[in-house]
Amino acid sequence: MEAVERQLVVFKLGDEDYGIDISSVREIITVQRITRVPRAPDFIEGIINLRGNVIPVIDLRKRFELPVVEHTRDTRIVVVEIGEHTLGVVVDAVSEVLRIPSDSIEPPSSIVVDVDAQFIEGIARLEERLIILLNMSRLLDKREVDELAEVEEA
């Protein structure tokens, strides 16, 4: 019997590898000018104009309370679909697209389960590395989704 595979977009935040299911990724773009929106919620970095569509952008470093760094040539915006919303997510670098067997994914350890673990779907073990799988549908809570809709309509 053939093992079920998952296809992931893998990206870097600091020294760690994160993965999201490729089905939620619309595209990956280089960082462009992000326009700040007055009185926007703190988690929203700003908005971009992507081929005529205004897309809110969040910085995953801020979201995960990691130290903020300057954008580099490797910095990318991963455009994802969360429910009916399209959102840009700033990451340090996109490294690869991987197919991994589903049985290599373990639930998050109880050691790492805390408030921020709500975003973590599991941990993929691949030979000598670990990839933290994110559940993008849990990236924003209900209140934040409502605030996001207000920014999109502004």
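How each quantity is defined
Residues numbered from 1 in each chain as written. Predicted model: local features only at pLDDT ≥ 70, side-chain atom pairs only at ≥ 80, totals over all residues. Heavy atoms only, no water. Helix = DSSP H or I, 4+ residues; strand = E, 2+ residues; numbered from the N terminus. Rg over C-alpha atoms; globule rule 2.2 N^0.38 Å. Buried < 20%, exposed > 50% of the residue type's maximum accessible area, 1.4 Å probe, protein only. Areas by Shrake-Rupley, 256 points an atom, 1.4 Å probe, with all protein chains shown as cover. Lys, Arg positive; Asp, Glu negative; His and termini not counted. Charge placed at Lys NZ, Arg CZ, Asp CG, Glu CD. Contact = heavy atoms within 4.5 Å. Polar contact = N/O pair within 3.5 Å; in protein donor to acceptor, adjacent residues only side chain to side chain.

### Some remarks on the overall build of the protein
Working step 1: Summing up its helical and strand segments, the protein has two helices and eleven strands in all.
Working step 2: For 154 residues, the compact-globule estimate of 2.2 N^0.38 gives 15 Å, and the C-alpha radius of gyration of the protein, at 16 Å, lies within 12% of that figure.
Working step 3: Along the first, second and third principal axes, the C-alpha set of the protein runs to 50 × 30 × 30 Å.
Working step 4: When each of the 154 residues of the protein is scored for burial, the buried share is 45%.
Working step 5: Of the roughly 9,200 Å² of accessible surface on the protein, 48% is carried by carbon and sulfur atoms.
Working step 6: Computed over 18 positive and 31 negative side-chain charges, the inter-centroid distance for the protein is 5 Å.

### What to know about the environment of Val54
Working step 1: Here Val54 lies in strand β5 (residues 53–59).
Working step 2: In this structure, the C-alpha to C-alpha distance between Val54 and Phe64, residues ten residues apart in sequence, is 24 Å.
Working step 3: Those residues in contact with Val54, other than ones at most four positions away along the chain, are Ile47 and Ile48.

### Quick word on the side chain of Ser24
Working step 1: Relative to the elements of secondary structure, Ser24 occurs in the loop between β2 (16–21) and β3 (25–30).
Working step 2: Residue classification places Ser24 among the buried residues on the basis of a relative accessible area of 13%.
Working step 3: A distance of 2.9 Å separates a polar atom in the side chain of Ser24 from the backbone oxygen of Asp21.

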